[in-house]
Amino acid sequence: MKPITWYGAALLLPLLLTACAPAVRMQGDAGLLAAQREREHTLSGAEHWSLQGRLGVSDGRDGGSGSFSWTQDGERYEFVLRAPVTGKSFRLSGDAHDALLEGLDGGPLRGADAEALMRKALGWEVPLRELRAWVLGLRADGGKAEIRFGANRLPSLLQQDGWSVDYRAWDEARDPPLPTKVYAARPPYKVRLSIESWQFR
């Protein structure tokens, strides 16, 4: 991973990467899969939302973390990460065809692919296209997905496109429920989100 000089050493701490007790992994029966399809049908049309929380990324050696906000407005998005201690931040914005990454020491970068920009500038491997669905607890369009369920009858593990998405916690007071801890991994890469608030418009 390329050095993230504006983060500072404090961001290399293993924030959000702590180990947890093993989760329940139930294979989906007809009832569980039907409930998941209903959740996906309800949330598939949710294209205007925002969330705030904490983000941690790692390539197995180096990493970074901070508070973040993500706003999705149809195809347009804005992702802002704020580093603790230094107070610096970067902003990724764009749509399906254009991306702009701002806040870097070398100046802003623009390109057609947001994932490629993050990989080039920060060395981060973040599956942004799929994560837009995964963060809602949905299967992403495209690749085949396998789901295991927890004791709460909500997704516990989603495997798709070579990534394992571990749902550690849900806000079950919502209808439908929404994830609050989403840990995605494709060794050696890890992306972990702890979501503190959701808003839908």
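Residues numbered from 1 in each chain as written. Predicted model: local features only at pLDDT ≥ 70, side-chain atom pairs only at ≥ 80, totals over all residues. Heavy atoms only, no water.

Quick one: what's the story with the sheet that holds strand S2 (residues 48–58), residue by residue and with numbers?
Pairing in this open sheet of 12 strands is antiparallel, and the strands run S1-S8-S9-S10-S11-S12-S2-S3-S4-S5-S6-S7 from one edge to the other. With partners counted over all chains shown, the strands left at the sheet margins are strand S1 (26–27) and strand S7 (109–111), one partner each. Bridge analysis of S1 against strand S8 (residues 145–149) gives two bridges, and the strand direction is antiparallel. Its bridge partner being in S8, methionine 26 is matched across the sheet by phenylalanine 149. Seen against the sheet, helix H1 (residues 30–43) touches S1, S8, strand S9 (155–160), strand S10 (163–171) and strand S11 (178–186) and runs at an angle of roughly 115 degrees to S8. (Pairing = 2+ DSSP bridges. Helix = DSSP H or I, 4+ residues; strand = E, 2+ residues; numbered from the N terminus. Contact = heavy atoms within 4.5 Å. Axes fitted to C-alpha atoms, helices over the stretch in contact; angles between N-to-C directions.)

An account of the pairing of strand S4 (residues 76–82) is needed here, citing residue identities and associated values.
Look at any regular strand and the pattern is simple: side chains alternate between the two faces of the sheet. Pairing between strand S3 (residues 63–73) and S4: seven bridges, direction antiparallel. The residue of S4 that forms the bridge with glutamine 72 is tyrosine 77. Here S3 hands over to S4 after two residues, with glycine 74 in that stretch at a positive phi of 70 degrees. One ladder, built from six bridges, connects S4 with strand S5 (residues 89–94); its direction is antiparallel. From the neighbouring strand, valine 80 faces S5, where its bridge partner is arginine 91.

Go over empty space enclosed by the protein with me, naming the residues and quoting the values.
To find the voids left in a structure, one rolls a probe of water-molecule size over its atoms. The full count for this structure, using the stated rule, is one cavity of 30 Å³ or more. Lining the largest cavity are Leu55, Val57, Phe79, Met118, Val126, Leu128, Leu131 and Val191. Breaking the lining of the largest cavity down by element, the ones donating at least two residues are S2 and helix H3 (128–134). Looking at side-chain class alone, the lining of the largest cavity contains eight nonpolar, no polar and no charged residues. (1 Å grid on protein atoms, 1.4 Å probe; cavity = no way out; pocket = protein on both sides within 12 Å on 5 of 7 lines; lining within 4 Å. Points joined across faces, edges and corners; volume = space filled by probe spheres on them. Nonpolar A, V, L, I, M, F, W, Y, C, P; charged D, E, K, R; others polar.)

Outline the packing of aromatic side chains, supporting the account with residue identities and numerical values.
The relative placement of two aromatic rings is captured by the distance of their centres and the angle of their planes. Across all of its chains, the model carries seven aromatic pairs by this definition. Here the aromatic cluster, defined as three or more aromatic residues joined through ring pairs, consists of Trp49, Phe68, Trp70, Phe79, Trp198 and Phe200. (Phe/Tyr/Trp six-rings, centres within 6.5 Å; stacked < 30°, edge-to-face > 60°.)

So, the side chain of glutamine 72: which residues are in play, and what are the values?
Relative to the helices and strands, glutamine 72 is located in strand S3. Apart from residues lying up to four places away in sequence, glutamine 72 is in contact with Glu47, His48, Trp49, Tyr77, Arg132 and Arg201.

Go over unusual backbone geometry, please, and point to the residues and values.
That bond from aspartate 175 to proline 176 is cis: its omega, 0 degrees, falls within 30 degrees of zero. Mapped onto the secondary structure, proline 176 falls in the loop between S10 and S11. Omega for the peptide link from proline 187 to proline 188 comes to 10 degrees, which places this bond in the cis form. Mapped onto the fold, proline 188 is located in the loop between S11 and strand S12 (189–200). Even without being a glycine, arginine 153 presents a positive backbone phi close to 70 degrees. With respect to the helices and strands, the residue arginine 153 is situated in the loop between S8 and S9. Phi at aspartate 161 is positive, roughly 50 degrees, even though this residue is not glycine. Within the element layout of this structure, aspartate 161 appears in the loop between S9 and S10. Judged by its relative accessible area of 35%, aspartate 161 falls in the partly exposed class. (Buried < 20%, exposed > 50% of the residue type's maximum accessible area, 1.4 Å probe, protein only.)

In short, the description is geometric, and any link to function would need to be established separately.
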